[in-house]
Amino acid sequence: MAQYDLTSRIGQHLDRHLIFPLLEFLTEKELYPTEDLLKAKYELLSQTKMIDYSNQVYRQIHNLTEDDENEPGYADRRDLALKRFNELQDETAEIMNMIQDPNVIQQLKQDKIANVQFLKDNFGFQPEMLTSLYNFAMYNFAVGFYQGAAEMLYHFRILSTDYEQNLSALWGKLAAEILSLNWETALDDLNKLKELIDQRTFGSQLLALQQRTWLIHWSLFVFFNHPKGRDGIIDLFFQPQYLNTIQTACPWVLRYLTTAVITNKKRRNMLKDLVKIIQQESYKYKDPITEFVECLYVNFDFDGAQVKLRECEEVLFNDFFLVATREDFIENARLFIFETYCRIHQCIDIKALSEKLNMDEVEGEKWIVNLIRNARMDAKIDAKTNTVIMGTQYQSVHQQVIERTRGLSFRSSLLASNIEKREQELANRRKGPRNQRQQQSGAKDAEVAAPKEVEAKA
Amino acid sequence: MSRFFRGGSDSESESESDFSGSEDEKPQKTADASDSEDDFDNDESEDSEDEADAGAAGGAATGAGRFKRGAAASDSDESSDEEDVKRVVKSARDKQFDEMRATVKALGNAKKINDWVAIQNEFTKLNTLYGKATAIIQREGGKPPRFYIRALTQLEDHLKDTLANKEATKKMNKSSSSALTVMKQKLKKHNKTFEKEIEEFRAKPVEEDESDAERTAAARKAAAEESDDEENKDPRSKWTRGAADSDSEEEESAPKKGGKAKKARAVEEGEAGGDGFTLIGKGGKAFEATPETLFKKLRELLEARGKKSTDKVTQMANLRKLFEIAGNPFQKIKVLLVLIPSRFDFTPATTGFMSVDIWRSTLAEINELYAILEENQHLTITDVHNDEAEEASDEIKANKGEPVQVTGNLGSFVDRIDDEFTKSLQNIDPHTIEYINRLRDETGLYAIIVRAQKYFEKLNAKEYSDLTKMRRVERLYYKPDAVVKKVETEVRTLYPALNEVLEEPAELVAHLCTSLYNMEVVDRIRTRALLCHVYHLALHDRFHEARELILMSHLQEHAPQTDIQTQILYNRTMVQLGLCAFRCGMVREAANALQEISASGKVKELLAQGVQAQRYSEKTPEQEKLEKQRQLPFHMHINLELLECVYLTCSMLLEIPNMAANAHDSRRKVISKPFRRMLDYNERQVFTGPPENTRDHIMGAAKALANGEWQTCRDLIHKIKIWDLMPNADKIKEMLTQKIQQEGLRTYFFTYSPYYDSLGLEQLSSMFELPIPVVYSTVSKMIINEELHASLDQPTNTVILHRPGPGTEMSRLEYLAGVYSEKLQNF
């Protein structure tokens, strides 16, 4: 299953810290040798300030069990990091006190510049303090103290007017929120970030593409954990600029998009667009999930779809983001198969169908019966031959014509009344301003008359 | 009588009317003349500019002093010759000569104070006077007066002295120094006419004994008179030459000349030019002191460039010689910078392109130029104008190895030679060996382009390196891999210094093109690079990448706004993309890509592969000419017959099921108009013979497909010979068979479904020789798309067809009722 693993591709577009959960997950699934994963983790950690964690991994790699056996230079680095942390804390103590004071918070307004001025006047605020706050927040993040970092960045964003730093702070905050599992705020931040990126005209298209790619990858964390995420992912990714980004920079995201569409009952209409995109990109990227859709909706190869569905199960099981959706996905995929099948067939053998749905016969029959009951389907089961018989939906030409012309009489009467109204208006105008009052009342009468007619028809 | 004749022929010289010059004055003049004739020295090795006769100059100076006195004779202030004045009633001749003498004197004075502006004025005046006096001179034997020659000689010597004294030259003020340069050129030109006389004068600077002269003159007089008729022409032409020379500088008297004189002049001018150049040509000796005189010669030739009188061939030959003589790199560059453009100038108007030999030598010279530049990194060529006067100092600097900039445009040479190559290919008949031989030269050209690109890259001249890169891509993009590879390896032998890694052709093109996508690159180049890239990708059957590239660039919207060349390239790219899609088996995509161009009926023009004769075309000759210039060389052409064949086949595969589906109203949804038209035409024919050409084959196949006879259709399509031109022809035929089977199945359903209640999948699969899953998927697709009112019955594996009544087809009336109600609804 390792060939369908996307961690390495996704990892390119994530922050160092965001990769840890993915690696943890992989270790659990045992797709790769544990040792390799540990090494990778250690590589990642060596660039951060999470020295204790790094040491722990180091010891795991080298099978060190004694308490005093540590990573070389561990103590020094640890002391240094602590010292730096304390320094920064001292630097920012003042501003943190200032900002967290409820009295101050009450007096802050929307206008950033006014706020800064206000703080300057009343509390001896210095612009340098803001910079040190930013640095401290970064350091907090690097150390792995995400909640603190998020909080500080929140305060920083209230006061800072520097666009670049603001953007970077927002990215940092999003990462911190994700890592501290605050999905609600993370979603807010995500939306803010999206707005910020969309508003801004980047110097080069490439930069915009990069930012969007990041956003897409980071958003996966939020969308697959937030309860409303599956709507959000469809809404976001189907926006033209994000769709383009996916197509050009990261086609593998199609897996997540496809899963989201299949598991989402409300956004069925997106399926057609999705099929088109999958077809277009099929030369660039394919995995069991996209192939499943292709089999079902492009080739109508139900046997193929069923094979793919089995593969999908496994892939989903091994995907960090999609594990939770597995049940949903399977259920909905079955539904899709069944629906399509019904549309094509008049008479279906339950046994064959159950096979296609990856179920045994009895379970299949139950499932179908439930479906017929719930989905108001025009179908019946013939118990003798063990088949499902679909009601034919075909209409004769006469019926079609009658159906189509049904609305016509109402529409023509409406048209006639409108014409009458116009005629009358014109006639009144010709009579001249003398009878203006009369004309007005006449018009009102006509207006009243029209809705009545509508009711009558309805 | 000859005098009369002369008078008639010359309307200008006023002295002509009065030719009653006193006979006694004449002899002296004639004596001078005959003397010179006696001393005529054939050896011209002593160049007029030779420094060797400094002594002679001294002698001339004394002579001049003496003569000056003589010249002053006309001056009444001068006492010594007062008698003469009194004695002689001034004839026209004397008047003329006196005036000239006065000018000579003024010239002498100006010389003394080194006032070059004055010298220039006086010199011009003197020449005008001389021109006026020519008639008289000719009458007297055709030799210019001795004092005149003396003045010229002295002036020349003086000029040389001044030039030799560089410091003095530098000190001069601007007007004076510019006058000096003007004089230098003028005098040189002028003196060429009088070379012989000056030569004589130098040989015998001292005036001969008067009486002696007289005697000789008397003896000669008779002879002179006798040969008057023959001589008449010669001296006159000599005069004309003088006049012409002064003309070319002053160009004031020219229009006044009579017809005959003009004719003579034209001839003479040519000769004069020829003379001048033969002199240089003859004179390996003239270049003995080359390093000094080289620039002078060069400038001379440069000035002659573009003039009507200049013979381009000799000029090129001379420049070539100059190049051989040139000693140091700086000089070489200078000469090459003149030589190469003059080669380009030499394009005969009749053929409209450079002759192959000249093209080759030009190529070699450009190569040399680059070689010199690569060796001498301190020399750079810029198109910023430099002051020419600094040449000498620049040369010194260049020799020392300091950075020097030379004026010139290096990039344009490459552009030009490339264009000339294309032009020659356009004009050579592509079916001759000549064309193939010409094509062989492309490698050399390509090498030059690569070389230039590397050179510019080294110089960091972004603009030019982009341009040359583009040229390179344009030489590569349409070639198959094998050719590109060959060319690239050839280049490495031609230009060993190239340190580029030998890439795979596809990578090379991709690499070159991507480097041009930068925002800084000019828009046109970027567009063209992209199109070439797409074309190349399409050539390699990489349809998806090619399509993605063209879609991302949004070129389709901008294409109509680009220049015509780019539009042609765009059309070519689209066609290639279509062919590529076809090869990949994507019929619909192929048809879409080809639709616009193939359906236009102007394929040839759109692809610039020839002009189509149109019945009602109203083109001006200029338009036609322009169109001709745009034509692509034959080897770049896309096979039009293949294109048509592909387009029609795609149309058939799409159109036939479409027609069957809309049987009631076939006019409604037309995919390919030209195909429909052809099919109609084919059907109207009373008798259809066996198919002969590609089109007939496809039409026959289409009819067979419509009738559900897919085997006949397949056979007909396979019979088309042109498929063999495609790479992997067998695979393409296989693909076509498959498509025909599928479309045949669809057509069958559309046409015959009303007559069936149910159809077995197995039966269908055996009918069309398709595997069951494919039949199944095709039918399912039709059902889902609501093209077919049917459903599948799984237990029996049949297709059940739904229909309104028992066993009837939908009538036309019913169909129309449906359409009508639909339209009403949308009303």
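Starting afresh in each chain, residues are numbered from 1 along the sequence in its written order. Each chain takes a letter, starting from A, and each ligand takes a number, starting from 1, following the order in which they are written. It should be noted that, the model being predicted, local features are given only for residues of pLDDT at least 70 and side-chain atom pairs only at 80 or more, the latter also being counted only at that level, while totals for whole chains, interfaces and linings use all residues. Neither water nor hydrogens contribute to the side-chain values; these are computed over all heavy atoms in the structure.

The name an unreviewed UniProt entry assigns to chain B is Translation initiation factor 3 subunit c, from the organism Rhizophlyctis rosea.

Named according to an unreviewed UniProt entry, chain A is Eukaryotic translation initiation factor 3 subunit E originating from Rhizophlyctis rosea. UniProt positions are given in the numbering used here, feature names are shortened, and annotations may be inferred rather than shown by experiment. Taken directly from UniProt, the Subcellular location (unreviewed entry) text for chain A runs: "Cytoplasm". The record held by UniProt for chain A lists under Subunit (unreviewed entry) the comment "Component of the eukaryotic translation initiation factor 3 (eIF-3) complex."

Hey, could you run me through the overall build of chain B in this one?
Looking only at helices and strands, chain B features 39 helices and 5 strands. When burial is assessed residue by residue, chain B has 48% of its 827 residues classed as buried. Contact between two residues is taken to exist if any of their heavy atoms lie within 4.5 Å; hydrogens are not considered. The contacts in chain B between residues at least 6 apart in sequence include a share of 69% that link residues at least 24 apart. Where accessible areas are quoted, they stem from the Shrake-Rupley method and a 1.4 Å probe; at the residue level, only the protein chains shown are allowed to cover. For chain B, the exposed area adds up to about 40700 Å²; of that, 52% sits on carbon and sulfur atoms. Where helices and strands are cited, they refer to DSSP runs of H or I of at least four residues and of E of at least two residues respectively, numbered from the N terminus. Three exposure classes are used, based on accessible area relative to the maximum for each residue type with a 1.4 Å probe and protein chains only: buried under 20%, partly exposed in between, and exposed over 50%.

Looking at this model, I keep getting lost on the overall build of chain A. Mind explaining?
For chain A, the helix and strand inventory stands at 24 helices and 3 strands. In chain A, which comprises 458 residues, the share counted as buried stands at 46%. Long-range pairs, those at least 24 residues apart, make up 62% of the contacts in chain A with a sequence separation of at least 6. When the accessible surface of chain A is split by element, carbon and sulfur atoms take 49% of a total near 24600 Å².

Can you walk me through the sheet that holds strand β4 (residues 790–793) of chain B in this structure?
Within a sheet, neighbouring strands are paired by backbone hydrogen bonds and run either parallel or antiparallel to one another. Two strands pair if DSSP finds at least two bridges between them. Taken together, the 6 strands give an open sheet; going across it, the order is β2(A)-β3(A)-β1(A)-β4(B)-β5(B)-β3(B), and neighbouring strands pair in mixed fashion. Each edge of the open sheet is held by one strand with a lone partner, namely β2 (379–382) of chain A together with β3 (758–760) of chain B. On average, each strand axis in the sheet is inclined to that of its neighbour by 20 degrees, with strand direction left out of account. Direction of pairing for β2 of chain A relative to strand β3 (residues 387–390) of chain A: antiparallel, over a ladder of 4 bridges. Bridging across to β3 of chain A, D382 of chain A finds its partner in T387 of chain A. Packed onto the sheet, helix α19 (residues 326–344) of chain A meets β1 (345–349) and β3 of chain A together with β4 of chain B and runs at close to 125 degrees relative to β1 of chain A. Only C-alpha atoms enter the line fits that serve as axes; for helices the fit covers just the stretch in contact. Angles between N-to-C directions range over 0 to 180 degrees. Its contacts with the sheet place helix α21 (residues 361–374) of chain A against β2 and β3 of chain A, and it is angled at close to 150 degrees to β2 of chain A.

Just to check I follow, could you spell out the nonpolar core for this structure?
Here, the term nonpolar core denotes a set of buried Ala, Val, Leu, Ile, Met, Phe, Trp, Tyr and Cys residues that are joined through side-chain atoms within 4.5 Å. Grouped together as the largest cluster of nonpolar side chains are 214 residues, with contacts concentrated most on F237 and F292 of chain A together with F582, M652, I717 and V799 of chain B. Here this core takes 12 residues from helix α32 (residues 640–661) of chain B, the largest share from any one element. Beyond its immediate stretch of four places on either side in the chain, I717 of chain B contacts T649, M652, I698, A701, W723, L736 and I740 of chain B. With 31 residues, the next largest nonpolar core counts I333, L336, F353 and W359 of chain B among its residues.

Looking at this structure, I do not really get helix α38 (residues 772–784) of chain B. What am I missing?
Quick reminder: α-helices carry 3.6 residues per turn. Residues three or four places apart thus point the same way. Residues and elements named next belong to chain B. Residue count minus one, scaled by 1.5 Å, sets the expected span of a helix. Compared with an ideal rise of 1.5 Å per residue, which puts 13 residues at 18 Å, α38 spans 18 Å between its outermost C-alpha atoms and is within 8% of the ideal. Among all positions in α38, only V775, Y776, S777, T778, V779, S780, M782, I783 and I784 are buried. Once α38 ends, the next one or two residues include E786, with phi positive near 60 degrees.

Would you mind going over the interface of chain B and chain A with me for this structure?
Facing 31 residues of chain B, the contacting portion of chain A comprises 32 residues. Where chain B abuts chain A, roughly 2800 Å² becomes buried across the two surfaces, and 60% of that area is made up of carbon and sulfur atoms. By definition here, a salt bridge exists when the distance from a side-chain nitrogen of Lys or Arg to a carboxyl oxygen of Asp or Glu is within 4 Å. Ionic pairing is found between E548 of chain B and K284 of chain A, a salt bridge with its closest N-O pair at 2.7 Å. Counting residues per element, the ones that place at least two in the side of chain B that touches chain A are α26 (543–552), α38, β4 and α39 (812–825) of chain B. Sort the elements by how many residues they give to the side of chain B that touches chain A and α39 of chain B lands first, with 7 residues. Ten residue types, Ala, Val, Leu, Ile, Met, Phe, Trp, Tyr, Cys and Pro, are classed as nonpolar, four, Asp, Glu, Lys and Arg, as charged, and the remainder, Gly among them, as polar. By residue class, the composition of the side of chain B that touches chain A is 13 nonpolar, 10 polar and 8 charged. Simply put, the buried area is the total loss of 1.4 Å probe accessible area from both parts when two parts are fitted together.

Got a minute to help me understand the packing of aromatic side chains in this structure?
What describes a pair of aromatic rings is the distance from one ring centre to the other and the angle between the planes of the rings. All names here are of chain A. Between rings of Phe, Tyr and Trp, where Trp is taken as its six-membered ring, a pair exists when centres lie within 6.5 Å; planes separated by under 30 degrees are stacked, by over 60 edge-to-face, and by other angles tilted. Scanning all chains against the criterion turns up 25 aromatic pairs over all chains. Look at F221 and F320: their rings are 5.9 Å apart centre to centre, the planes differ by 65 degrees, and that puts the pair in the edge-to-face class. Of this pair, F221 sits in helix α12 (residues 205–223) while F320 sits in the loop between α18 (302–317) and α19, placing them 99 residues apart in sequence. A ring is scored as having a charge over it whenever the NZ atom of a lysine or the CZ atom of an arginine sits within 6 Å of its centre and within 35 degrees of its normal. Note that R212 overlies the ring of Y242, its terminal NZ or CZ placed 5.5 Å from the centroid.

So what exactly am I meant to see when it comes to the environment of I51 of chain A here?
Residue and element names in this part refer to chain A. Tracing the chain through its elements places I51 in helix α4 (residues 51–61). Spatially, the C-alpha atom of I51 lies 7.8 Å from that of V143, the residues being 92 residues apart in sequence. If sequence neighbours within four positions are ignored, I51 has contacts with Y74, R77, R78 and A81.

Help me understand the side chain of T290 of chain A in this model?
All names here are of chain A. The residue T290 is located in helix α17 (residues 288–299) in this model. The class for T290 is buried, based on a relative accessible area of 1%. Apart from residues no more than four positions distant in its own chain, T290 is found in contact with L254, T258, I278 and Y285.

Can you help me understand the side chain of T798 of chain B in this one?
Residue and element names in this part refer to chain B. Relative to the assigned elements, T798 resides in strand β5 (residues 798–801). Within the local environment of T798, its side chain forms a polar contact with the side chain of T796, the two groups lying 2.9 Å apart. Contact partners of T798, with chain neighbours within four places excluded, come to L759, G760, L761, S791, L792 and D793. For the purposes of these results, a polar contact is taken to be a pair of N or O atoms within 3.5 Å, where, inside protein, one atom must be able to donate a hydrogen and its partner to accept one; residues adjacent in sequence count only when each atom of the pair is a side-chain atom.

Would you take a moment to explain the pairing of β1 of chain A for this structure?
The side chains of a regular strand alternate between both faces of the sheet. In terms of residue burial, β1 of chain A counts as a mostly covered element, since 4 of its 5 residues are buried. As judged from the 2 bridges shared by β1 of chain A and β4 of chain B, these two strands associate in the parallel manner. Across the sheet, the residue bridging to C347 of chain A is D793 of chain B, located in β4 of chain B. Relative to β3 of chain A, β1 of chain A runs antiparallel, the two sharing 3 bridges. The residue bridging C347 of chain A from the neighbouring strand is I389 of chain A, located in β3 of chain A.

Hey, could you run me through the packing of helix α3 (residues 34–46) of chain A against α4 of chain A in this one?
Packed helices, taken two at a time, are described by the angle their axes make and the gap between the axes. Residues and elements named next belong to chain A. Where α3 meets α4, the axes come as close as 9 Å, and the angle between the chain directions of the two elements is 150 degrees. Overall, the two elements α3 and α4 adopt an arrangement that is roughly antiparallel. Where α3 crosses over α4, the two elements pack in a sense that is left-handed. Taking contact as the criterion, the partners of L38, K39, K41, Y42 and L45 in α3 are, on α4, Y53, S54, V57, Y58, Q60 and I61. Broken down by class, the residue content of the contact of α3 with α4 amounts to 7 nonpolar, 2 polar and 2 charged. When describing relative orientation, an angle under 35 degrees is termed roughly parallel and one over 145 degrees roughly antiparallel, while 65 to 115 degrees is termed roughly perpendicular and anything else oblique. Left-handed is the label given to a crossing in which the near helix is rotated counterclockwise from the far helix by less than a right angle, and right-handed is the label when the rotation is clockwise.

Can you help me understand the layout of surface pockets in this one?
Empty space among the atoms becomes apparent when a probe as large as a water molecule is rolled across them. One number sums up the size of the second largest pocket: a volume of about 2100 Å³. Definitions used for this entry: grid spacing 1 Å over protein atoms alone; cavity, a set of points where a 1.4 Å probe fits but cannot get out; pocket, an open set with protein on both sides within 12 Å along at least 5 of 7 lines; lining residue, one with an atom within 4 Å of a point. Lining the second largest pocket are 47 residues, and of these Q279, Y297 and V298 of chain A together with K781 and N785 of chain B sit closest to its centre. Only α16 (270–281), α17 and α19 of chain A together with α26, α29 (587–598), α32, α36 (729–752) and α38 of chain B provide two or more residues apiece to the lining of the second largest pocket. Counted by class, the lining of the second largest pocket contains 18 nonpolar, 14 polar and 15 charged residues. Grid points are joined across faces, edges and corners, and a volume is the space filled by probe spheres set on the points.

Before we go on, may I ask you to explain the pattern of salt bridges in this structure?
Any two side chains of opposite charge can pair, on the condition that their charged atoms come close. The full count for this structure, using the stated rule, is 36 salt bridges over all chains. D198 of chain A is paired through a salt bridge with K194 of chain A; the nearest N and O atoms lie 3.5 Å apart. On the criterion of helical spacing, the pair formed by D198 of chain A and K194 of chain A is a turn pair, its members being 4 residues apart in helix α11 (residues 183–199). Linking R528 of chain B and E474 of chain B is a salt bridge whose minimum nitrogen-to-oxygen distance equals 2.8 Å. With R528 of chain B in helix α25 (residues 523–539) and E474 of chain B in helix α22 (residues 462–476), this residue pair connects regions lying 54 residues apart in the sequence.

Teacher, can you tell me more about the packing of helix α13 (residues 229–237) of chain A against helix α15 (residues 254–263) of chain A here?
Residues and elements named next belong to chain A. Taken N-terminus to C-terminus, the directions of α13 and α15 make an angle of 125 degrees; their axes are 9 Å apart at the nearest point. In terms of axis orientation, α13 runs oblique to α15. Once α13 is placed against α15, the crossing between them reads as left-handed. Judged by residue contacts, R230, I233, I234 and F237 of α13 engage Y256, L257, A260, V261 and T263 from α15. Residues that form the contact of α13 with α15 fall into these classes: 7 nonpolar, 1 polar and 1 charged.

Looking at this structure, I do not really get the environment of P127 of chain A. What am I missing?
Residues and elements named next belong to chain A. Mapping P127 onto the fold places it in helix α8 (residues 127–143). On the accessibility criterion, P127 (41% relative accessible area) is partly exposed. In this structure, the C-alpha to C-alpha distance between P127 and S160, residues 33 residues apart in sequence, is 9.0 Å.

It is not clear to me how the confidence of the model for chain B should be interpreted in this structure. Could you clarify?
Reading fine detail from the predicted coordinates is not recommended where pLDDT is low. Residue and element names in this part refer to chain B. Every residue is assigned a pLDDT by the predictor, reflecting its confidence on a scale from 0 to 100. Per-chain confidence: chain B averages 70 in pLDDT, with 62% of residues scoring 70 or above. When the criterion is pLDDT under 50, residues 1–88 qualifies, and its contacts beyond four places in sequence or with other chains add up to 121 contacts. Under a pLDDT of 50 for its full length, residues 221–289 has, in the predicted model, 67 contacts with residues more than four places off or in other chains. At the level of chain-chain contacts, confidence expressed as ipTM amounts to 0.71, with global pTM at 0.65.

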